[in-house]
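Residue-level structural notes
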Amino acid sequence: MGIGRDPGTAVVRSAAAAVALALVVAASGCTGESSTPDTASGEPLSVTELGWVREYSDWTIDVYDEEFDSPPGRELVDECRERLDEVGPPPTERLEPSWERAAAVCPLLSEPGSLRRAKDVVEDADDLVLPFFIDSKELVLGESGTDRSRADLRLSALASTAVDFSQEVRCWSDEDWRRLIREDNAWSVDSEDPDELYGWQDSDTDRIHMRLDQCNLLHRLGSEDVLRWKRDDQIEAADSLATFAHEIQHVLLPDADEDQVECAAAKELRRFARRLDATGDEAGQLAQLYVTDAREELPDDYLSSCDESTG
Ligand SMILES: [Zn+2]
């Protein structure tokens, strides 16, 4: 997967997992100072642990998506067990509860009528992994430019209004962003590059993930004279605006391809800039720079034959 605003639907591994993710509540609150060692507030999962999570996820996705070869019955139970044996026990004690819960899944594949129950059990097991992820943190709700990750009150409100359904825009510091992508890659059995990813919308959690510097730039649009900024900064602002608009379009157009989403976003840039209190001239300049300088950086599957009118 190349450069992109988001990994598309790759993040969504199943509706069931989605609900699980949505229900996760961070065990420790906003400061992160109390050390609850076994959750997102504690030590991040190590490379070795994430390697195990990836193998475990690969197995759970097969269960959720019913990807095993055998029909329900003894053969399917055996196939499921063999795959789980390949995953093997987790490298650390804190992941053992999920492993132990997962062991109850395979026997449920013996009957067609208990397949659904098997997925419920996988969901239970998943619930024991998810709290270790940084996205389980209850990020501090913040209004403006910070140097720490935050759930952005203003951008969340704007996004929620735009789609008429509440969304949380999560703005991640560079360090947290890397952890977020690392964990999501393991969870989704994916290989996104944190340096090439700008954001994504998670339809399961109604969250839009963005980089903190892009969020902070959007906050400056209303309070500074953007037309006096250096051109590179203006282009970066145009790009930030496009990321924000793009992820919102994913909510409005849940089945659209990346290029359709990007086209729809391009048409909204001016309006979004104005909603962020840019002047009409500033909004026009950013929309123009998107066309002349930012858009060409996108990978091919984000570009289409849509006209380049920016509304
Ligand atoms: Zn996208």
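Preceding block: the structure.
Scope of this entry: the structure provided in the associated data block. If you're wondering where the values come from, they're calculated on a predicted model, not measured in any experiment.

1. Brief notes about the overall build of the protein
Regarding its fold elements, the protein presents 11 helices and five strands. Considering the protein as a whole, with its 311 residues, one finds that 54% of them fall into the buried category. Summarising the internal contacts of the protein: among those between residues at least 6 apart in sequence, 69% fall at separations of at least 24. Accessible surface, the protein as shown: approximately 14400 Å² in total, 46% of it carbon and sulfur.

2. Thoughts on the pairing of strand 3 (residues 168-172)
Of all five residues in strand 3, four are buried, a share of seventy percent or more. The pairing of strand 2 (residues 150-152) with strand 3 spans three bridges and is classified as antiparallel. Note on strand 3: the bridge partner recorded for Asp152 is Val169. Sheet topology note: the strand 3/strand 5 (residues 207-211) ladder contains five bridges and is parallel.

3. Regarding unusual backbone geometry
One non-glycine residue, Val189, lies in the positive phi region at around 50°. Inspection of the secondary structure puts Val189 in the loop between helix 7 (174-188) and strand 4 (199-202). Residue Val189 is classed as partly exposed on the basis of its relative accessible area of 30%. Its identity is not glycine, yet Asp206 carries a phi of approximately 55°, on the positive side. Among the structural elements, Asp206 can be located in the loop between strand 4 and strand 5.

4. Some points on the nonpolar core
Judged by nonpolar contacts, the single largest core of 38 residues is most densely connected at Leu155, Val169, Leu218, Leu221, Leu241, Phe244 and Tyr290. Listed by contribution, the elements that provide at least two residues to this core are helix 6 (153-163), strand 3, strand 5, helix 8 (212-220), helix 9 (231-252), helix 10 (258-275) and helix 11 (280-294). The element best represented in this core is helix 9, accounting for eight residues. Discounting chain neighbours no more than four positions away, the residues touching Tyr290 are Ala238, Ala242, Glu262, Ala266, Leu269, Arg295 and Leu298. Residues Leu45, Val87, Ala102 and Ala118 belong to the second largest nonpolar core, which totals 31 residues.

5. A few points about the side chain of Gln214
Mapped onto the elements, Gln214 comes out in helix 8. Within the local environment of Gln214, its side chain forms a polar contact with the side chain of Thr243, the two groups lying 3.0 Å apart.

6. Overview of the packing of helix 10 against helix 11
Running from N to C, helix 10 and helix 11 cross one another at 155°; their axes reach a closest spacing of 7 Å. Between helix 10 and helix 11, the angle falls in the class roughly antiparallel. The interaxial crossing formed by helix 10 with helix 11 has right-handed handedness. Contact residues: helix 10 offers Glu262, Ala266, Leu269, Arg270, Ala273 and Arg274, while helix 11 offers Gly280, Ala283, Gly284, Ala287 and Tyr290. In the contact of helix 10 with helix 11, the residues fall into six nonpolar, two polar and three charged.

7. Description of the packing of helix 2 (residues 47-64) against helix 3 (residues 74-87)
Between helix 2 and helix 3, the shortest axis-to-axis distance is 9 Å and the interhelical angle comes to 170°. Classed by the angle they form, the pair helix 2 and helix 3 counts as roughly antiparallel. In this structure, helix 2 meets helix 3 at a crossing whose hand is right-handed. Together, Trp52, Glu55, Tyr56, Asp58, Trp59 and Asp62 of helix 2 and Cys80, Arg83, Leu84 and Val87 of helix 3 make up the contact between the two elements.

8. Let's talk about the pattern of salt bridges
Under the criterion given, the structure shown has 17 salt bridges. With a closest N to O distance of 2.7 Å, Glu49 and Arg94 form a salt bridge. With Glu49 in helix 2 and Arg94 in the loop between helix 3 and helix 4 (96-102), the pair connects residues that are 45 residues apart, well separated along the chain. For Glu49, a relative accessible area of 3% gives the class buried. Here Asp277 makes a salt bridge to Arg154, at a shortest N to O gap of 2.9 Å. Of this pair, Asp277 sits in the loop between helix 10 and helix 11 while Arg154 is found in helix 6, placing the two residues 123 residues apart along the sequence. Bridged by salt links that share partners, the residues Asp135, Glu168, Arg170 and Arg207 form one connected network.

9. Quick look at the state of the cysteines
The full count for this structure, using the stated rule, is two disulfides. Each sulfur of the disulfide joining Cys80 and Cys106 lies 2.0 Å from the other. Between Cys80 and Cys106, the S-S dihedral sits near -70°, and the bridge is therefore left-handed. Residue Cys80 is located in helix 3, and its partner Cys106 is located in the loop between helix 4 and helix 5 (115-127); the two are separated by 26 residues in the primary sequence. Across the pair, exposure class does not vary: Cys80 and Cys106 are buried alike.

Rules of the game
- Residues numbered from 1 in each chain as written.
- Predicted model: local features only at pLDDT ≥ 70, side-chain atom pairs only at ≥ 80, totals over all residues.
- Heavy atoms only, no water.
- Helix = DSSP H or I, 4+ residues; strand = E, 2+ residues; numbered from the N terminus.
- Buried < 20%, exposed > 50% of the residue type's maximum accessible area, 1.4 Å probe, protein only.
- Contact = heavy atoms within 4.5 Å.
- Areas by Shrake-Rupley, 256 points an atom, 1.4 Å probe, with all protein chains shown as cover.
- Pairing = 2+ DSSP bridges.
- Core = buried A, V, L, I, M, F, W, Y, C linked by side-chain atoms within 4.5 Å.
- Polar contact = N/O pair within 3.5 Å; in protein donor to acceptor, adjacent residues only side chain to side chain.
- Axes fitted to C-alpha atoms, helices over the stretch in contact; angles between N-to-C directions.
- Parallel < 35°, antiparallel > 145°, perpendicular 65-115°, else oblique.
- Left-handed = near helix turned anticlockwise from the far one by under 90°.
- Nonpolar A, V, L, I, M, F, W, Y, C, P; charged D, E, K, R; others polar.
- Salt bridge = Lys/Arg side-chain N within 4 Å of Asp/Glu carboxyl O.
- Disulfide = S-S within 2.5 Å.

Bear in mind that shape data such as this cannot, by itself, settle questions of function.
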